[in-house]
Amino acid sequence: MGAIAVLSLLSFSTHAKVQPDNPFPKVKLVTTQGEIVVELNRLRAPLTVDNFLQYVQAGSYNGTIFHRIVPGFVVQGGGYDAQFSPRDDFGPIPNESGNGLKNVYGTIAMARENDPHSATRQFFFNMNDNESLDPGSRWGYTVFGWVVSGEAVLEEMASLSTAPFHQPTGWEDVPLEPPVLEKIEILPQP
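None of the values given here were measured: they were computed from a predicted structure. (Residues numbered from 1 in each chain as written. Predicted model: local features only at pLDDT ≥ 70, side-chain atom pairs only at ≥ 80, totals over all residues. Heavy atoms only, no water.)

(A) Layout of the pairing of strand β8 (residues 143-149). As judged from the four bridges shared by strand β2 (residues 34-40) and β8, these two strands associate in the antiparallel manner. Paired with Glu 39 across the strands is Trp 146, a residue of β8. (Pairing = 2+ DSSP bridges. Helix = DSSP H or I, 4+ residues; strand = E, 2+ residues; numbered from the N terminus.)

(B) Structural detail: the packing of aromatic side chains. With the rule as written, the count across this model stands at twelve aromatic pairs. Summarising the aromatic geometry, the rings of Phe 52 and Phe 123 are spaced 5.7 Å apart at their centres and angled 85 degrees between planes, so their arrangement reads as edge-to-face. Separated by 71 residues along the polypeptide, Phe 52 in helix α2 (residues 46-58) and Phe 123 in strand β7 (residues 123-126) bring together distant segments of the chain. Both residues of the pair, Phe 52 and Phe 123, count as buried. When the centroid spacing of 4.4 Å and the interplanar angle of 25 degrees are considered together, the rings of Tyr 55 and Phe 90 count as stacked. Of this pair, Tyr 55 sits in helix α2 while Phe 90 sits in the loop between β5 (74-77) and β6 (107-110); the two residues are 35 residues apart in sequence, bridging distant segments of the chain. Members of the aromatic cluster, joined through ring pairs, are Phe 52, Tyr 55, Tyr 61, Phe 66, Phe 90, Phe 123, Phe 125 and Phe 144. The ring of Tyr 141 is capped by Arg 112, whose NZ or CZ atom sits 4.0 Å from the centre of that ring. (Phe/Tyr/Trp six-rings, centres within 6.5 Å; stacked < 30°, edge-to-face > 60°. Buried < 20%, exposed > 50% of the residue type's maximum accessible area, 1.4 Å probe, protein only. Lys NZ or Arg CZ within 6 Å of the ring centre and 35° of its normal.)

(C) Layout of empty space enclosed by the protein. Scanning all chains against the criterion turns up three cavities of 30 Å³ or more. In this structure, the second largest cavity is lined by 13 residues; those nearest its centre are Asn 95, Met 110, Pro 116, Ala 119 and Thr 142. Here the residues of the lining of the second largest cavity sort into seven nonpolar, four polar and two charged. (1 Å grid on protein atoms, 1.4 Å probe; cavity = no way out; pocket = protein on both sides within 12 Å on 5 of 7 lines; lining within 4 Å. Points joined across faces, edges and corners; volume = space filled by probe spheres on them. Nonpolar A, V, L, I, M, F, W, Y, C, P; charged D, E, K, R; others polar.)

(D) Expanded view of the side chain of Asn 103. Tracing the backbone shows Asn 103 in the loop between β5 and β6. Assessed through its relative accessible area of 0%, Asn 103 is described here as buried. A polar contact of 3.0 Å, which involves the side chain of Asn 103, links it to the side chain of Asn 126. Excluding residues within four positions of it along the chain, Asn 103 makes contact with Ala 109, Phe 124, Asn 126, Asn 128, Asp 129, Asn 130, Glu 131, Leu 133, Asp 134, Tyr 141 and Val 143. (Polar contact = N/O pair within 3.5 Å; in protein donor to acceptor, adjacent residues only side chain to side chain. Contact = heavy atoms within 4.5 Å.)

(E) Quick look at the sheet that holds strand β4 (residues 68-70). Ordered in space as β3-β11-β1-β2-β8-β6-β7-β5-β4, the nine strands form an open sheet in which the pairing is antiparallel. Pairing within the sheet leaves two strands with one partner each, and these edge strands are β3 (64-65) and β4. Sheet analysis places β6 next to β7, joined by three bridges and oriented antiparallel. Among the inter-strand pairings, Ile 108 is bridged to a residue of β7, identified as Phe 125.

So, in structure tokens, the structure goes:
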């Protein structure tokens, strides 16, 4: 584990965990397209779930956009506001892609750069069984939960028109009208 990963682990100890005795916390994403409920898997991806919930608890995802949509592949968001300005992050977390959870349709996973331990706040929903994102001879992308309701909302997002080239950012697959993640709510523990 690199120095950055160790520092990230240390930062977790300074923040109170959300529902620490709940192995499967649930969150509701309220978007401009509708609501999505996700069950997180703290047993398989404890660092990733705690990191995600830290952003949720801080209200840091509120008002972000889904900035990347690739039909039949992913719907990605959580990192930028409507002006495509990046939101602050708490630093990178260790990659937990070897946890046995696969990048299959309806799962939520962490986005990252080429460095396998570079995930911070961006996440994506798998809109297909994306075996190429699973670990093998290289690091994969950490799956940390699955959609329990709202698949139709994700399908609607995945069908939105995108720009082949987004002039302000230089990115591909940017929705012409990015859906907004208005807020994420932590659902009461059962």
